[in-house]
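# Coordinates in review
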Amino acid sequence: MSISKDNPLKSLRFYKVKNPTKNFICALCRAPRQMKYTKNLNWKNYLQLLVLTACASYLLFPFVGLKGLYVSLLLWPAIEMSNKLLYRKEIPCPYCGFDATWYRRDVKVARKKVEQFWSTNYPELTEKKEQLVQNLAPANEEPSLENTAEN
């Protein structure tokens, strides 16, 4: 039994994100998009960092004393990097593979990434496209000047 992948653009069934911070439309496929993470940490993340630091320093207090507060200097970059990675992971469109950050850097790379996304996620559609392109090619090419000069 094979599971057919429905193209969400045709079925108009889009992903919903709980408590999104951004609502926008994809520039390529015009699908409604939502993002949960932001580029920088917000006040809730700093509050979580404060609580995590307090718990870690409380657990480390018998061993290192007040120097356990320095654990925040290790936790802060880790939380910052994980937030950035989650944000970057969320940028590409899940429906067409368009990544606006790559488009701003290099249009050719962005195009290759979109083509790669479609060939891996929807191979049946890319095969149909290749067949259409082959059918559009002229069947009988006009003879070139070299061929007519030889005769």
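To keep things clear, this report deals only with the structure shown in the data block. Computed from a predicted model, the values in this text were never measured in an experiment. (Residues numbered from 1 in each chain as written. Predicted model: local features only at pLDDT ≥ 70, side-chain atom pairs only at ≥ 80, totals over all residues. Heavy atoms only, no water.)

### Some thoughts on the nonpolar core
What counts, and what does not: What is meant by a nonpolar core is a set of buried Ala, Val, Leu, Ile, Met, Phe, Trp, Tyr and Cys residues, joined one to another through side-chain atoms within 4.5 Å. Only protein chains enter the accessibility calculation, which uses a 1.4 Å probe; a residue is then buried when its area is under 20% of its type maximum, exposed when over 50%, and partly exposed in between. Any two residues whose heavy atoms approach within 4.5 Å at even a single point are treated as in contact.
Counting residues in hydrophobic clusters, the biggest one holds 11 residues: Cys26, Cys29, Ala31, Cys93, Tyr95, Cys96, Phe98, Val114, Phe117, Trp118 and Tyr122. Residues contacting Cys93, with those up to four places away along its chain left out, are Cys26, Cys29, Arg33, Phe98 and Phe117.

### As for helix α3 (residues 71-90)
Rule in force here: Strands are runs of DSSP state E lasting at least two residues, helices are runs of H or I lasting at least four, and both sets are numbered from the N terminus onward. Take the number of residues in a helix, subtract one, and multiply by 1.5 Å to get its expected span. To be clear, the arc concerns the directions from the helix axis to the C-beta atoms.
Here α3 is 20 residues long and its end C-alpha atoms lie 29 Å apart, about the 28 Å a rise of 1.5 Å per residue gives. Regarding α3, the residues found buried are Val71, Asn83, Tyr87 and Glu90. With its buried residues spanning 120 degrees around the axis, α3 presents them on a single face. For α3, the exposed residues lying more than 90 degrees away from the buried face are Leu73, Leu74, Met81, Leu85 and Lys89. Buried residues belonging to α3 abut β1 (22-25), β2 (32-35) and α2 (43-64).

### Notes on the state of the cysteines
As used here, a disulfide is simply a covalent bond connecting the sulfur atoms of two cysteines. Selection criterion: Here, a disulfide means two cysteine sulfur atoms that sit within 2.5 Å of each other.
Counted under the stated rule, the structure contains 0 disulfides. The cysteine Cys29 is free of any disulfide, with Cys26 supplying the nearest cysteine sulfur at 3.6 Å. Of all cysteine sulfurs, the one in Cys96 lies closest to Cys93, which takes part in no disulfide; the gap is 3.7 Å.

### Regarding the side chain of Glu90
As a reminder of what qualifies: When charges are counted, neither His nor the chain ends are considered; positive counts come from Lys and Arg and negative counts from Asp and Glu. When a carboxyl oxygen of Asp or Glu lies within 4 Å of a side-chain nitrogen of Lys or Arg, that pair is called a salt bridge. Side-chain atoms alone can form a polar contact between residues adjacent in sequence; in general such a contact is a pair of N or O atoms within 3.5 Å, and within protein one must be able to donate a hydrogen while the other accepts it.
Considering the arrangement of structural elements, one finds Glu90 in helix α3. Although Glu90 is buried, it makes no salt bridge; Arg33 carries the closest opposite charge, 6.8 Å away. Side-chain polar atoms of Glu90 contact the backbone nitrogen of Lys36, separated by 2.9 Å. In this structure, Glu90 is in contact with Arg33, Gln34, Met35, Lys36 and Tyr37, ignoring residues within four places of it in sequence.

### A short note on the environment of Cys93
Counting through the fold element by element, Cys93 comes out in the loop between α3 and α4 (100-105). Between the C-alpha atom of Cys93 and that of Leu28, which follows or precedes it by 65 residues, the distance is 8.9 Å.

### Details of the packing of aromatic side chains
Inclusion rule: Planes of paired rings set the category: under 30 degrees apart is stacked, over 60 is edge-to-face and the rest tilted, where pairs are Phe, Tyr or Trp rings (Trp by its six-membered ring) whose centres lie within 6.5 Å.
For the coordinates displayed, the defined rule picks out 5 aromatic pairs. For the ring pair Tyr46 and Trp76, a centre distance of 6.1 Å and an interplane angle of 85 degrees mean the geometry is edge-to-face. You can see Tyr46 sitting in helix α2 and its partner Trp76 sitting in helix α3, a full 30 residues away along the chain. With centroids separated by 5.7 Å and ring planes inclined at 55 degrees, the aromatic side chains of Phe98 and Tyr103 adopt a geometry described as tilted. Assessed through its relative accessible area of 44%, Tyr103 is described here as partly exposed. Here a set of aromatic residues connected by ring pairs shows up, and it is made of Phe117, Trp118 and Tyr122.

### So, the pairing of β2
Which entries qualify depends on this criterion: Two strands qualify as a pair provided DSSP detects at least 2 bridges between them.
Here β2 shows one buried face, formed by Arg33 and Met35, and one open face, formed by Pro32 and Gln34. Where β1 lies against β2, 4 bridges are found, and the strand directions are antiparallel. Looking across to β2, one finds that Ile25 is bridged to Pro32. Here β1 folds back onto β2, and the loop between the two strands holds 6 residues, one of which, Arg30, carries a positive phi near 60 degrees.

### Some details on the packing of α2 against α3
Let me state the cut-off plainly: To get an axis, a line is fitted to the C-alpha atoms, and for a helix only the part in contact is used. The angle between two axes follows their N-to-C directions and goes from 0 to 180 degrees. Crossing handedness follows the turn of the near helix against the far one: under a right angle anticlockwise gives a left-handed crossing, and clockwise gives a right-handed one.
The geometry of α2 relative to α3 is characterised by a closest axis approach of 10 Å and an angle of 145 degrees between their N-to-C directions. As for how α2 packs across α3, the hand of that crossing is right-handed. Between α2 and α3, the residues in contact are Tyr46, Leu49, Leu52, Thr53, Ala56, Ser57 and Leu60 and Val71, Ser72, Leu75, Trp76 and Ile79, respectively.

### Quick notes on α2
As a reminder of what qualifies: Values of bend correspond, residue by residue, to the angle between axes fitted over the seven residues ending at that residue and the seven starting there.
Along α2, the largest kink reaches about 35 degrees and is centred on Tyr58; proline Pro62 follows within four residues of it. Within α2, burial applies to Asn45, Leu49, Thr53, Ala56 and Ser57. Residues of α2 that are buried in the fold lie against α3.

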